Amino acid sequence: MQNKNCITGRLNVRAFTLIELLVVVLIIGILVVIALPQYQKAVWKSRSVQLKTLAKSVGEAQQRYYLANGFYAKNFEDLDIDIPLEKQAGGGGSISAVCPATTPEGSVDPLRKGKDFHLLLSAGGSIITFWKTGPYLCGGFYFDVSSGKLLCAERASPVGGGRLPPDFCPKVERATFLSQPSTWRLYRLP
């Protein structure tokens, strides 16, 4: 808004000073630094719902198959559930170069791939879903068909040694450590 001062002939202009603008930018920057990690955590938590639902649904189908046949299915095609994920050939060995897991001997359809995750039938009949990319690589869920429990799971070490940090289960899912029966750490979900 401009006012003309009749005595001096000057225009009075109201504006922000450079310091005021810098303070505002600084405050916005601080808020972003504080909020961004929480936002990313919320995004991953919502994405993990897909993996949980998938692991539980396929695990329950595996339980139904066992009740009907007396043994666990080796292939997704044998289960009474439609899994709209890409089929991946192979079986009877280790799947995935970074986060290996053992599939049943003689299986031809033990692995399905999503955009950024794997779903597989393990050698013991249980179901494992895990991230194949991103900050929570090798983190996911394990459905134990014998007990009917859904657990959070993380690969303890990648191929070639080293150790993956325990990030996904304790940080995103707020799960508590349960056991490490093999190369996967298992956590109890809240």
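Each chain carries its own residue numbering, running from 1 in the direction its sequence is written. Only residues with pLDDT of at least 70 get local features here, since the model is predicted, and only at 80 or more are side-chain atom pairs given and counted; chain-wide, interface and lining totals rely on the full set of residues. The side-chain quantities take in all heavy atoms of the structure and omit both hydrogens and water.

Participant: Got a minute to help me understand the pairing of strand 8 (residues 127-131) in this structure?
Facilitator: Consecutive residues of a regular strand have side chains that alternate between opposite faces of the sheet. A simple rule labels every residue: compare its accessible area, found with a 1.4 Å probe on the protein chains alone, to the largest value its type can have, and call it buried under 20%, exposed over 50%, or partly exposed in between. Numbered from the N terminus, helices here are DSSP runs of H or I no shorter than four residues, and strands are runs of E no shorter than two. Counting buried residues in strand 8 gives five out of five residues, a clear majority hidden from the surface. A two-sided burial pattern is seen for strand 8, the buried positions comprising I127, T129 and W131 on one face and I128 and F130 on the other. A strand pair is defined by DSSP finding two or more bridges across the two strands. Summarising the sheet, strand 7 (residues 117-121) and strand 8 pair through five bridges and their orientation is antiparallel. Bridge assignment links L121 to a residue of strand 8, and that residue is I127. The antiparallel pairing of strand 7 with strand 8 creates a hairpin that spans five residues between the two strands, and G125 there sits at a positive phi of about 95°.

Participant: Sorry if this is basic, but what is going on with the state of the cysteines here?
Facilitator: Note on terminology: a disulfide is the covalent bond linking the sulfur atoms of two cysteines. In plain terms, two cysteine sulfur atoms within 2.5 Å form what is called a disulfide here. Enumeration according to the criterion identifies one disulfide in this entry. Between the sulfur atoms of C152 and its disulfide partner C169 the distance amounts to 2.1 Å. Between C152 and C169, the disulfide has an S-S torsion of -90° and is therefore left-handed. You can see C152 sitting in strand 10 (residues 149-155) and its partner C169 sitting in helix 2 (residues 168-172), a full 17 residues away along the chain.

Participant: Is there a simple way to think about the layout of surface pockets in this case?
Facilitator: Summary: where empty space remains is shown by rolling a probe the size of a single water molecule over the atoms. In this analysis a 1.4 Å probe is tested at points of a 1 Å grid over the protein atoms alone, and where it fits but cannot get out there is a cavity; an open set with protein on both sides within 12 Å along at least five of seven lines is a pocket; lining residues have an atom within 4 Å of a point. Grid points are joined across faces, edges and corners, and a volume is the space filled by probe spheres set on the points. Here the largest pocket defines a volume of roughly 170 Å³. Together, 14 residues line the largest pocket, and S122, I128, Y142, S182 and W184 are the ones closest to its centre. Secondary-structure elements contributing two or more residues to the lining of the largest pocket are strand 5 (101-102) and strand 12 (184-188). Classifying every residue of the lining of the largest pocket by side-chain character gives seven nonpolar, six polar and one charged. All residues other than Ala, Val, Leu, Ile, Met, Phe, Trp, Tyr, Cys, Pro, Asp, Glu, Lys and Arg, Gly among them, are scored as polar; the first ten of these are nonpolar and the last four charged.

Participant: What exactly am I supposed to notice about a nonpolar patch on the surface here?
Facilitator: Residues with no salt bridge and a relative accessible area higher than 30% make up the patches, which join like charges within 9 Å and nonpolar side chains (Val, Leu, Ile, Met, Phe, Trp, Tyr) within 5 Å. For the accessible areas, the method is Shrake-Rupley and the probe is 1.4 Å, while residue cover comes only from the protein chains on display. The term salt bridge refers to a side-chain nitrogen of Lys or Arg lying within 4 Å of a carboxyl oxygen of Asp or Glu. A cluster of nonpolar side chains, contributed by L18, I19, L22, V23, I27 and L31, occupies part of the molecular surface with about 610 Å² of accessible area. Examined against the element boundaries, L22 turns out to sit in helix 1 (residues 18-69).

Participant: Would you mind showing me how to read the environment of G139 here?
Facilitator: As for its position among the elements, G139 is in strand 9 (residues 139-144). Taking the C-alpha atoms as reference points, G139 and A156, 17 residues apart in sequence, are found 9.5 Å from one another. Setting aside its immediate chain neighbours within four residues, G139 contacts T129, F130, W131, A153, E154 and F168. Contacts are assigned to residue pairs that have any heavy atoms within 4.5 Å of one another.

Participant: I tried to follow unusual backbone geometry on my own but got confused; where do I start?
Facilitator: Look at C138: it is not a glycine, yet its phi comes out positive at around 70°. Relative to the helices and strands, C138 resides in the loop between strand 8 and strand 9. Note on C138: relative accessible area 1%, which makes it buried. For R174, which is not a glycine, the phi torsion comes out positive at approximately 55°. Structurally, R174 is set in the loop between helix 2 and strand 11 (176-179).

Read these as spatial facts, not as claims about activity.
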